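As a plain string of letters, each chain reads:
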Amino acid sequence: SSAKMGLVETKLAIIPGAGGTQRLPRVIGVSLAKELIFTARIVDGKEAYRLGLVNHSVEQNGSGDAAYLHALELAREINPQGPIAVRMAKLAINQGIQVDLSTGLAIEEACYAQVSIVSVDGQLVVSLLIV
């Protein structure tokens, strides 16, 4: 939570580059993104969490690896899940968020078809169609 972040380019009379003016509004909404960019406000970890900029904010520990340890906990939670399902969900989210909802739903359907449960003679079979 001691981290600091912000798009401060307007202090330098320029605008955020590298997609900052496009990505931030998609994460936190247009109005709040405008406020943060126009004011060049710097926020700490707790405020970034409250705004939805980050998923987690952890207090730093004595060895300086609190964020790393928390990331490992999250990875351990993801690890036992179906790896192909996680891969396809990631693909559906990453590609679907870039297009309109209708196209996103088609992408999801295509990803879902890669991992599906079907019944064969009353037996449940997991179908993995890797292309």
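Preceding block: the structure.
Because the structure is a prediction, the values reported are computed rather than measured.

A. Spotlight on a nonpolar patch on the surface. A cluster of nonpolar residues, Leu74, Ile78 and Val86, forms a patch on the protein surface that exposes about 220 Å² of accessible area. Overall, Val86 belongs to the partly exposed group, its relative accessible area being 35%.

B. Local environment of helix H1 (residues 20-28). Buried within H1 we find Gly20, Leu24 and Ile28. For H1, the buried positions fall inside an angular range of 25° around the axis, keeping them on one side. Opposite the buried face of H1, at more than 90 degrees from it, the exposed residues are Arg23 and Arg26. As for H1, its buried residues are in contact with helix H2 (30-39) and helix H3 (45-51). Just downstream of H1 lies Gly29, where phi reads positive at about 100°.

C. Here's a closer look at unusual backbone geometry. Even without being a glycine, Ala13 presents a positive backbone phi close to 65°. With respect to the helices, strands and loops of the structure, Ala13 is situated in the loop between strand E1 (4-5) and H1. The exposure class assigned to Ala13 is exposed, which follows from its relative accessible area of 72%.

D. Structural context of the nonpolar core. Counting residues in each nonpolar core, the largest one holds eight residues, listed as Leu24, Ile28, Ala33, Leu36, Ile37, Val43, Ala48 and Leu51. Where this core is concerned, the elements lending two or more residues are H1, H2 and H3. The contacts of Leu24, once residues within four sequence positions are left out, are Leu7, Gly29, Ala33, Leu36, Ile37 and Leu53. Formed by five residues, the second largest nonpolar core is a distinct cluster that contains Met88, Ala92, Ile107 and Cys111.

E. Spotlight on helix H6 (residues 101-114). Between the first and last C-alpha of H6 there are 20 Å, a value that for 14 residues agrees with the 20 Å anticipated at 1.5 Å per step. Along H6, the positions that sit buried rather than exposed are Gly104, Ile107, Cys111 and Gln114. Down the axis of H6, the smallest arc covering the buried residues is 60°, so these residues share one side. Relative to its buried face, H6 has exposed residues pointing more than 90 degrees away, namely Leu101, Ser102, Glu109 and Tyr112. For H6, the N-terminal capping position is held by Asp100, with its side-chain oxygen 3.1 Å away from the main-chain nitrogen of Ser102.

The rules behind the values
- Residues numbered from 1 in each chain as written.
- Predicted model: local features only at pLDDT ≥ 70, side-chain atom pairs only at ≥ 80, totals over all residues.
- Heavy atoms only, no water.
- Patch = residues over 30% accessible without salt bridge, like charges linked within 9 Å, V, L, I, M, F, W, Y side chains within 5 Å.
- Areas by Shrake-Rupley, 256 points an atom, 1.4 Å probe, with all protein chains shown as cover.
- Salt bridge = Lys/Arg side-chain N within 4 Å of Asp/Glu carboxyl O.
- Buried < 20%, exposed > 50% of the residue type's maximum accessible area, 1.4 Å probe, protein only.
- Helix = DSSP H or I, 4+ residues; strand = E, 2+ residues; numbered from the N terminus.
- Arc of directions from axis to C-beta.
- Contact = heavy atoms within 4.5 Å.
- Core = buried A, V, L, I, M, F, W, Y, C linked by side-chain atoms within 4.5 Å.
- Expected span 1.5 Å × (residues − 1).
- Polar contact = N/O pair within 3.5 Å; in protein donor to acceptor, adjacent residues only side chain to side chain.

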